[in-house]
Each structure stands twice: as C-alpha cells, then as structure tokens.
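Notes for the structure review
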Amino acid sequence: MALKGKKVIEFAGLAPAPFAGLVLSDNGASVVRVDRPSASTLDVLCRGKRSVAINSKIPSGRELLKRLIASSDVLIDPFRPGVMERLGLGPDVFLGSSGLNQRLVYARIIGFPRTGPYKNMAGHDLNYLALSGILSMLPGSTDKPSFPLNLLADFAGGGMHSVTKILLALLERNENNQGQVIDVDMVSGTRYVSTSPLIHRLNPFTGRFAAERGANLLDGGAPFYNIYACRDGGLLTLACIEPHFFKIFIGRFLEVLPEYLVLSDEWREFPFIAAQADRKLWLKLKQLLTSGFSLRTRNEWADIFFGTDACCVPVLTPEEAALKLSSCTALVSDKEAGSCLLNPGRHTREVLTVELGLTENEYEKLVDEGAIGQC
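Here is what the cut-offs are and how they apply
Throughout, a residue's number is its position along its own chain's written sequence, starting from 1. With the structure being a predicted model, the display of local features is reserved for residues of pLDDT at least 70 and the display and counting of side-chain atom pairs for 80 or more, all residues being used for whole-chain, interface and lining totals. Side-chain figures throughout are based on the complete set of non-hydrogen atoms in the structure, without hydrogens or water. Here, a strand pair is defined by DSSP locating no fewer than two bridges between the strands. Helix numbers and strand numbers start at the N terminus; a helix is a DSSP run of H or I with at least 4 residues, a strand a run of E with at least 2. Between rings of Phe, Tyr and Trp, where Trp is taken as its six-membered ring, a pair exists when centres lie within 6.5 Å; planes separated by under 30 degrees are stacked, by over 60 edge-to-face, and by other angles tilted. Throughout this description, buried means an accessible area under 20% of the type-specific maximum (1.4 Å probe, protein chains only), exposed means over 50%, and partly exposed covers the range between. By convention a crossover is right-handed if, when the strands point away from the viewer, the path from the first strand over the helix to the second runs clockwise. Only the stretch in contact is used when fitting a helix axis, every axis being a line fitted to C-alpha atoms; angles between N-to-C directions are given from 0 to 180 degrees. Contacts are assigned to residue pairs with any non-hydrogen atoms lying within 4.5 Å of each other. An arc is given here, and it is the one of the directions from the helix axis to the C-beta atoms. For this analysis, a polar contact is any N or O atom pair within 3.5 Å, provided that within protein one partner can donate a hydrogen and the other can accept it, and provided that sequence-adjacent residues contribute only side-chain to side-chain pairs. To count toward a patch, a residue needs a relative accessible area over 30% and no salt bridge; like charges are then connected within 9 Å, while nonpolar side chains (Val, Leu, Ile, Met, Phe, Trp, Tyr) are connected within 5 Å. Using a 1.4 Å probe, the Shrake-Rupley method yields the accessible areas, and only the shown protein chains count as cover for residues. One speaks of a salt bridge when a side-chain nitrogen belonging to Lys or Arg is within 4 Å of a carboxyl oxygen belonging to Asp or Glu.

Under an unreviewed UniProt entry, the name given to the protein chain is CoA-transferase family III domain-containing protein, and the organism recorded is Lentinula aciculospora.

What follows is the structure, given as structure tokens:
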C-alpha cells in the first residue's frame, strides 16, 4: 500500500484528527493513537490503529512521547493552539535547527483561523460552517438553512483536507529531506472544499447561485435536482441536470403515470422538455413530479429507472447501503459498527517494548511512575 512503512502518531481527539488517521491507516500507514491513562473513548474512527496510554503531564511520560514522535513520520495534533507547546511537544522541539526529528510532518488541525477575532474560542462543525459562508447557501426552509450532519467542516474541511496536505508534505520531503508544520483550520478548509459554489455566489454572472437560497440549481430550487417522497414514505433522489438525461427521465416518468393525470387539461399542453431551462416553469413542474412520485412506492420507482440514465435512484438507509454496496472499499459494515472501539492503552506494551525498544525494567518503572497505562 502507498503508505506502508510510514509511522503516524495521532493524539486522541474528535472527528477530523481521528478521521485523518483513519485515512492514513487505510492506506498502509502504521497509526498509533496516544490516549491518556484511564481514559475512556467513543472514537469509532480507529480501524487498523493501535493505542498507547501515556501521561503527558509526568516528565517521564513527556520524554517517552518525544521518543515516539522522534521516530515517526507524521504527528497529528488535534488540540487548540498552544496545548502542545505547554506540554513541551511543540513543533520547535522536533523541527528546529537542533530538532529531534527534522523530517517530521507536524499536522495541526484546529477550528477557527489562527489569526482573527475567533482564534481562541471553542467551537464545533456547525460554528465553522457558519463562519465559512457556506451554511447560508445550504438548502432548508426560507428562514433556516439545514446542515449536513458534521460532514462538511469536520471531515471534509478538516480531516480530508489535512490528509491531502500531509501527503503533499511527504512528497515534498522526498525532494528536500525536510519535514514541516501543516496548519489546517476548519473554517478555511470548509471554504476551500466549497470553492466552486463560493465562486458562483461571489460572481453572480455565472447564474448558478445568483438567486436567493432555495431557488438555484443545486440547493433545492430545481425540480430536476431534488428529493421526492413516495407512496410508502420512502424517498427518491432526482439529479438529471444534463438535458439528455432529463429527456430520458421525463419520458419514462410520463410513460408510467396514469393517463388521467398526463392527459388532463392542466398538463396536456405543458412543455415538459422546455421546462427544464425555464425557471418560470420550475414550480409547476415540481408540482407534477411531487404528485407523480407519490403514486408508487420507492422500490417501484427504483425498478422503473434502474439501468437507465435518468439519474433517479432511491435514498437508502445505512443498513440497506451496507447490504447493497458491500463491495465498496473501506465500507462501514454492520460487523465493523458492532466492534468499532479501540480500548485506550491496548497496545502500550507492544509499541513501547517491541518497537521503541524499552527494556522490561524501563517499562515497569514507567508503570510505577504513572507515566503509562495499559488495558
């Protein structure tokens, strides 16, 4: 695998940092999560990782962490600014002129930008999403936008963005043999992964996000890019943006509707194909699609459009997706979800004695001092 042989130290944190570690682990890196002794965890993003429990507040524990980091390729820091420096584990310890590991890629993931009025404040995904400018563009009711769980800021703008920068830093290290500090803040990261909609919004001549929220092509305004309820309460997604896909969809859709509906006075002369490009007709078209989809169950509609280019597929539950898409790489399965926690300290002895080279006496001394913990 691409990262085989690379060693990663991931300090235990929430969402973006463990996700970054998960992606690196899935691609062959040896990822060791650093937990506090006697800590509990709800971190489910631990596939392929190991855990050591080390007390960073005890001098011998800090020295142990220095040794671990000094022998690693990547460090993932999930803490607020200044925490690692107060622990004596800041970037200068490893990357300075006399640093312990000048090839280290030191990845720091924080919420708000390091400069500006919010730099010292606590926050979570929804806060970062709000400040990025993207939340105001997302679909929802006229008075309140909706938000995509914590996927956009935590995992895309934070975790995946940091993985990209880590990989680029490792490539650069191949050229200059030097490590570097990587700074990722989730407000800026969210804006980065949202570059396309932001450009469209800030340059309204493109037309894609020029209208108010909920009236544009991709935010629920377009009837051919939307979600519809079926007779049984199931949901369908429709995303036939391209005219040739829309033509396939509307032809099949009208074909299976009851004649009384299609041939009624209201719809007999309606320009279905032309309606896609005419925003004045979007609302009326959406009314027909809403009524039509409500006449059959989700699975009936899924069968009707299966194998076509109508861009119309059902909304699956997580359980259904796990069954239907079982061949997907790194798919979260029911089996994995049932045993997804990594107990803090589970691999402390293995990592410290076998890999770091501590003797049994050194190991027991650290246990006695409270510098390390184990399951």
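Strand order across the open sheet formed by 7 strands is β8-β5-β4-β1-β2-β3-β12, with mixed pairing between neighbours. The sheet terminates laterally at β8 (180-185) and β12 (372-373), the two strands that pair on one side only. With 4 bridges connecting them, strand β4 (residues 74-77) and strand β5 (residues 105-110) associate as parallel partners. If you follow L75 over to β5, its bridge partner there is Y106.

Our focus in this paragraph is the packing of aromatic side chains. According to the stated counting rule, one finds 18 aromatic pairs in the structure shown. Where F11 meets F79, the ring centres are 5.9 Å apart and the plane angle is 70°; that geometry is what we call edge-to-face. Here F79 lies in the loop between β4 and α3 (83-86) and F11 lies in strand β1 (residues 7-11), a separation of 68 residues in the sequence. Residue classification places F11 among the buried residues on the basis of a relative accessible area of 3%. F79 sits in the partly exposed class, given a relative accessible area of 25%.

Looking now at the pairing of β1. Taken across its 5 residues, β1 has 4 buried, putting it largely inside the fold. Here 5 bridges tie β1 to strand β2 (residues 30-35), and the two strands are oriented parallel to one another. Looking at β2, one finds that V8 is bridged to V31. The parallel pair β1 and β2 is bridged by helix α1 (residues 16-26), and the resulting crossover is right-handed. Relative to β4, β1 runs parallel, the two sharing 3 bridges. Following the sheet pairing, I9 is matched in β4 by L75.

Two strands in a sheet stick together by hydrogen bonds in their backbones, pointing the same way (parallel) or opposite ways (antiparallel). Ordered in space as β9-β10-β11, the 3 strands form an open sheet in which the pairing is antiparallel. Two strands close off the open sheet at either side, each with one partner strand: β9 (225-229) and β11 (312-314). Between one strand and the next, the sheet's axes are offset by a mean angle of 25°, whatever the strand orientation. Against the sheet, helix α13 (residues 298-305) engages β10 (235-239) and β11, with an angle of about 35° to β10.

Listed as buried for helix α7 (residues 186-193) are M186, V187, G189 and T190. Take α7 and look down its axis: the buried residues cluster within an arc of 165°, on one side only. Check the buried side of α7 and you find it contacts α1, β5, α5 (125-132), α6 (151-176) and β8. Backbone nitrogen of V187 and a side-chain oxygen of the N-cap are separated by 3.2 Å at the start of α7; the cap is D185.

This part is about the side chain of R298. Within the element layout of this structure, R298 appears in helix α13. Under the relative-accessibility criterion, R298 is labelled buried at 10%. Here the side chain of R298 touches N299 through a polar contact of 3.0 Å, side chain to side chain. Not counting chain neighbours up to four residues away, the residues in contact with R298 comprise C230, D232, G234, L235, L236, P314, V315, L316 and E320.

Our next topic: a nonpolar patch on the surface. A cluster of nonpolar side chains, contributed by L42, V44 and L341, occupies part of the molecular surface with about 310 Å² of accessible area. By the element assignment, L341 lies in the loop between α15 (334-338) and α16 (348-355).

Another point: the pattern of salt bridges. Side-chain pairs of opposite charge can arise whenever the charged atoms involved come near each other. Under the counting rule described, the total for this entry stands at 18 salt bridges. R173 serves as the salt-bridge partner of D73, at 2.9 Å between the closest nitrogen and oxygen. Separated by 100 residues along the polypeptide, D73 in the loop between α2 (59-70) and β4 and R173 in helix α6 bring together distant segments of the chain. For the pair D73 and R173, one class covers both residues: buried. Each of R33, D35 and D43 takes part in salt bridges that share partners, so that together they form one network.

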